[in-house]
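What the coordinates show
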Protein chains: 2
Amino acid sequence: MNDIDIKIGVSNRHVHLKESDFKILFGENACLEKSSDLTQPGEFASTSKVLIKTLKDEIPNVRVLGPFRNYTQIEISKTDAFKLGINPPIRESGDILNSEGIKLIGPNGSVDLNEGCIIATRHIHLTNSDIKKYNLEGIKYVDVLVDGLKGGILKNVSLKVSDNYSFEMHIDTDDANAHLIKQGDIGKIIRRDV
Amino acid sequence: MNDIDIKIGVSNRHVHLKESDFKILFGENACLEKSSDLTQPGEFASTSKVLIKTLKDEIPNVRVLGPFRNYTQIEISKTDAFKLGINPPIRESGDILNSEGIKLIGPNGSVDLNEGCIIATRHIHLTNSDIKKYNLEGIKYVDVLVDGLKGGILKNVSLKVSDNYSFEMHIDTDDANAHLIKQGDIGKIIRRDV
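Residues numbered from 1 in each chain as written. Chains lettered and ligands numbered in written order. Predicted model: local features only at pLDDT ≥ 70, side-chain atom pairs only at ≥ 80, totals over all residues. Heavy atoms only, no water.

Brief notes about the packing of aromatic side chains
All names here are of chain A. Tallying each qualifying case throughout the model produces 6 aromatic pairs over all chains. Seen in terms of ring centroids, Phe-22 and Phe-26 are 4.9 Å apart; in terms of plane orientation they differ by 25°. Their pairing is stacked. Placement of both Phe-22 and Phe-26 in helix α1 (residues 19–26) is noted, with a separation of 4 residues, approximately one turn of the helix. Owing to a relative accessible area of 16%, Phe-26 belongs among the buried residues under this scheme. We note Lys-78 situated over the ring of Phe-82; from NZ or CZ to the ring centre the distance is 5.1 Å. (Phe/Tyr/Trp six-rings, centres within 6.5 Å; stacked < 30°, edge-to-face > 60°. Helix = DSSP H or I, 4+ residues; strand = E, 2+ residues; numbered from the N terminus. Buried < 20%, exposed > 50% of the residue type's maximum accessible area, 1.4 Å probe, protein only. Lys NZ or Arg CZ within 6 Å of the ring centre and 35° of its normal.)

Dropping the structure here:
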């Protein structure tokens, strides 16, 4: 079977908030204002930013994405984790049980989280129609080849299926910087493990 | 042919200095004091640190390695390069012609370099005896497999041969953090391109 070209999006550290945490951080009457649309339909970068803080260190200006979710989740890179002195697990988005705790500080208040901080699994968004088109039925993880002077193969890339999704791979800044991958670069899905 | 196990060392950003630059940075009578030996014979981490600076930003406490070389070279990661707002080329150590400029600041003075800042090519140190043992004659680059939740294959890993070398792979912190590789982890050399 031919390799499958896949567009790559690079996710910088970011925060998803539940509405009650947003109100604590930004105020009861604040609203989550869209700054720009993201590739996945309905998802957007907001104009809001928070500072994330641990006992060891802090990182300011971490972007809040929208819309609200029913849980608060902070996605960082391993490089960020070393700076902050924490050890977040590698997880699918939404799987935050017993993940790392962290403190969020906004202009109106702060939230101390016992869990919610993860390093996101490399993943590909695709639809059931893409699954059929590319013969990926029954596949949970793929490998993706990227070219270049620091090219390589990213393994254990999970497939996230929804008929609402736009076909795109998401990696964090560590994966991007290690392989010199820029936003919009093209990789190749080269293997499928059932 | 069987895969070849290779121990991995992670190189944080660091500086090699020519003696004249060291004297400007640390003083005419300063000496380059060993803090700890590195794996490669004769190489050591010194007790000296410099601040590296660009128009955009700076990074303090960058370790000076010894012994002196006949050129000054700064090795950083792509993550560092974004922070500093510069675009160093991917180069073998010592190949600094037309690489990025950067400013070094020490306790005694500063040096403005027109070139010298690179992102080091992933590489493996080995001896001619290792070359024979592992049947790597005529090979310049290999691929190395690393396991784990964010495992993968690092491509274009150059082979650096000297009978003084200890068999070890060196990667930067971006490669390490992207793949969750720790100092001393074992990879597998899986392919050889002539």
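Moving on from the coordinates now.
Some details on the environment of Ser77(A)
Residue and element names in this part refer to chain A. If you trace the backbone, Ser-77 turns up in the loop between β6 (73–75) and α2 (78–84). With a relative accessible area of 3%, Ser-77 lands in the buried category. For the pair Ser-77 and Ile-118, spaced 41 residues apart in sequence, the C-alpha to C-alpha distance is 8.4 Å.

Description of the interface of chain B and chain A
With 23 residues of chain B at the interface, the matching set in chain A holds 23 residues. Both faces considered, chain B and chain A share a buried interface measuring about 2000 Å² in area, 58% of it formed by carbon and sulfur atoms. Contact with chain A buries area across many residues of chain B, yet Ile90(B), Lys150(B) and Asn177(B) alone supply 28% of it, more than any other trio. Between the two partners, chain B and chain A, sit 4 salt bridges. We note a salt bridge from Lys150(A) to Asp175(B), for which the minimum N-O separation is 3.4 Å. Where chain B meets chain A, there are 22 residue pairs in polar contact (both at pLDDT 80 or more). Among the elements of the structure, α2 (78–84), β12 (152–161) and α4 (173–178) of chain B are those that each provide at least two residues to the side of chain B that touches chain A. Among the elements that take part in the side of chain B that touches chain A, β12(B) stands out by supplying 5 residues, more than any other. (Contact = heavy atoms within 4.5 Å. Buried area = accessible area lost by both parts, 1.4 Å probe. Salt bridge = Lys/Arg side-chain N within 4 Å of Asp/Glu carboxyl O. Polar contact = N/O pair within 3.5 Å; in protein donor to acceptor, adjacent residues only side chain to side chain.)

What to know about unusual backbone geometry
All names here are of chain A. Note the cis peptide between Gly-66 and Pro-67, where omega equals 0°. Even without being a glycine, Asn-135 presents a positive backbone phi close to 60°. Tracing the backbone through its elements, the reader meets Asn-135 in the loop between α3 (128–133) and β11 (141–146). Residue Asn-135 is classed as partly exposed on the basis of its relative accessible area of 44%. Positive phi outside glycine occurs at Leu-180, with the angle close to 55°. Along the chain, the position of Leu-180 falls in the loop between α4 (173–179) and β14 (186–193). For Leu-180, a relative accessible area of 26% puts it in the partly exposed group.

A short note on the relation of the copies chain B and chain A
When chain B is brought onto chain A, the operation consists of a screw motion whose angular component is 180° and whose axial shift is 0.0 Å, with 0.0 Å RMSD remaining. Such values leave the two copies arranged in the relation of a two-fold axis. Measuring from the rotation axis to each C-alpha of chain B, the shortest distance belongs to Ile153(B), at 2.4 Å. When the interface residues of chain B are mapped onto chain A, 100% of them again fall at the interface, so both copies present the same face. (Least-squares fit on C-alpha atoms with pLDDT ≥ 70 in both.)

Observations regarding the domain arrangement of chain A
Residues and elements named next belong to chain A. As far as domains go, chain A holds domain 1 (4–9 + 122–193) and domain 2 (12–120). Between domain 1 and domain 2, the C-alpha centre-to-centre distance is 24 Å. Facing the 13 residues of domain 1 at the interface are 11 residues of domain 2. For the domain 1 and domain 2 pair, buried surface summed over both sides reaches about 980 Å², with 39% attributable to carbon and sulfur atoms. At the junction of domain 1 with domain 2, the criterion picks out 0 salt bridges. At the junction of domain 1 with domain 2, the criterion picks out 6 residue pairs in polar contact (both at pLDDT 80 or more). Within the residue set of the side of domain 1 that touches domain 2, elements represented by two or more residues are β12 (152–161), β13 (168–172) and α4. With 3 residues, the top contributor of residues to the side of domain 1 that touches domain 2 is β13. Each residue belonging to the side of domain 1 that touches domain 2 can be placed in one class, and the counts come to 2 nonpolar, 6 polar and 5 charged. (Domains from an automatic or database assignment. Nonpolar A, V, L, I, M, F, W, Y, C, P; charged D, E, K, R; others polar.)

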